[in-house]
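Summary of structural features
If you want the building blocks of each chain, they are given just below.
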Amino acid sequence: MPKLDKFDIAILNCLQEDARATNVEIAERVNLSPSPCLRRIRNLEKSGLLRGYRADIDRKEAGLGLTVFVELKVGHHSKENSEAQQAALLAIPEVVACHLISGTADFLAEVVVADLAAYEKVMSEKLLVLPGVVDLRSNFAIRTIKTNGALKLPQPE
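Below, the structure is looked at part by part. If you're wondering where the values come from, they're calculated on a predicted model, not measured in any experiment.

Each helix and strand in the protein chain was counted, giving five helices and four strands. Reading the protein chain from its N terminus to its C terminus gives the helix and strand order α-α-α-β-α-β-β-α-β. Taken over C-alpha atoms, the radius of gyration comes to 20 Å for the protein chain, far larger than the 15 Å a tight globule of 157 residues would show. Along the three orthogonal principal directions, the C-alpha set of the protein chain runs to about 55 × 40 × 25 Å. Among the 157 residues that make up the protein chain, the fraction classed as buried is 27%. In the protein chain, of all internal contacts separated by at least 6 residues, the share reaching a separation of at least 24 is 63%.

As structure tokens, then:
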């Protein structure tokens, strides 16, 4: 990971606020000229710290009104089983986020679908047939308060 200075942090904060801002707009906001600003952005991209740019789509407006947090417990723990589980979860488009966790479950997946009938189909046809799954628990979001929040980046020393 590159050592971030105050300009890098400021650039990343600008991009978190508005990823469509032009290089000139970002340069003005962070007090750099456009050329060094663009060079820094490219370096952040090359380093892998800045992974990409995407649209923030309103789930309900897109017809995806149900968010489900699914806890998956795997029966036999091994590196191979974990890798197979991860690959299978990555291949499910309705899974928008997934974490390997500690506690009573092994994985926590965020599933976004249109409605309960759509979730039932994903659960029965995609989640319950995952390799090694012995338990699945679904927690339904009643209301979404915050998603995709900006990261509070550490300040340079």
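Let us keep going from here.
Okay, the packing of helix α1 (residues 6-17) against helix α3 (residues 34-47) next. Relative to each other, α1 and α3 sit at 80 degrees, their axes nearing to 10 Å. It follows that α1 is roughly perpendicular to α3 by the angle criterion. Along its contact with α1, which presents Phe7, Asp8, Ile11 and Leu12, the element α3 presents Cys37, Arg40, Ile41 and Leu44.

By the definition in use, this model includes eight salt bridges. The residue Glu17 makes a salt bridge to Arg29 at a minimum N-O spacing of 2.7 Å. Placement of Glu17 in helix α1 and of Arg29 in helix α2 (residues 23-30) is noted, with a sequence separation of 12 residues between them. By relative accessible area, Arg29 is classed as partly exposed at 45%. With its nearest N and O atoms 3.9 Å apart, the salt bridge here joins Glu83 to Lys79. Taken as a pair, Glu83 and Lys79 lie in helix α4 (residues 79-90) at a separation of four residues, close to a single helical turn. Under the relative-accessibility criterion, Glu83 is labelled partly exposed at 44%. Among the residues examined, Lys79 registers a relative accessible area of 58% and is labelled exposed. A network of salt bridges, in which partner residues are shared, links Asp5, Asp8 and Arg40.

Counted by the stated rule, this structure contains one aromatic pair. Seen in terms of ring centroids, Tyr119 and Phe140 are 5.7 Å apart; in terms of plane orientation they differ by 90 degrees. Their pairing is edge-to-face. In this pair, Tyr119 sits in helix α5 (residues 116-127) while Phe140 sits in strand β4 (residues 133-140), placing the two residues 21 residues apart along the sequence. Residue Phe140 is classed as partly exposed on the basis of its relative accessible area of 41%.

What counts and how
- Residue numbering note: each chain is counted from 1, following its sequence as written.
- Local features in this predicted model are restricted to residues whose pLDDT is 70 or higher, and side-chain atom pairs enter the listing and the counts only when it is 80 or higher, whereas totals over whole chains, interfaces and linings include all residues.
- To obtain the side-chain values, all non-hydrogen atoms of the structure were used and water was disregarded.
- Each helix is a run of H or I in the DSSP string that is no shorter than four residues. Each strand is a run of E no shorter than two, and both are numbered from the N terminus.
- Atoms considered for the radius of gyration are the C-alpha atoms alone. The globule rule reads 2.2 Å times the number of residues to the power 0.38.
- Only protein chains enter the accessibility calculation, which uses a 1.4 Å probe. A residue is then buried if its area is under 20% of the maximum for its type, exposed if over 50%, and partly exposed in between.
- It only takes one pair of heavy atoms within 4.5 Å for two residues to be counted as in contact.
- Note on method: axes are straight lines fitted to C-alpha atoms, helices fitted across the in-contact stretch only, with angles between N-to-C directions ranging 0 to 180 degrees.
- If an angle is under 35 degrees, it is roughly parallel; if it is over 145, roughly antiparallel; if it lies from 65 to 115, roughly perpendicular; otherwise it is oblique.
- Take a side-chain nitrogen of Lys or Arg and a carboxyl oxygen of Asp or Glu: if they are within 4 Å of each other, that pair is a salt bridge.
- Between 30 and 60 degrees the pair is tilted, below 30 it is stacked and above 60 it is edge-to-face, where a pair is any two Phe, Tyr or Trp rings, Trp via its six-membered ring, whose centres lie within 6.5 Å.

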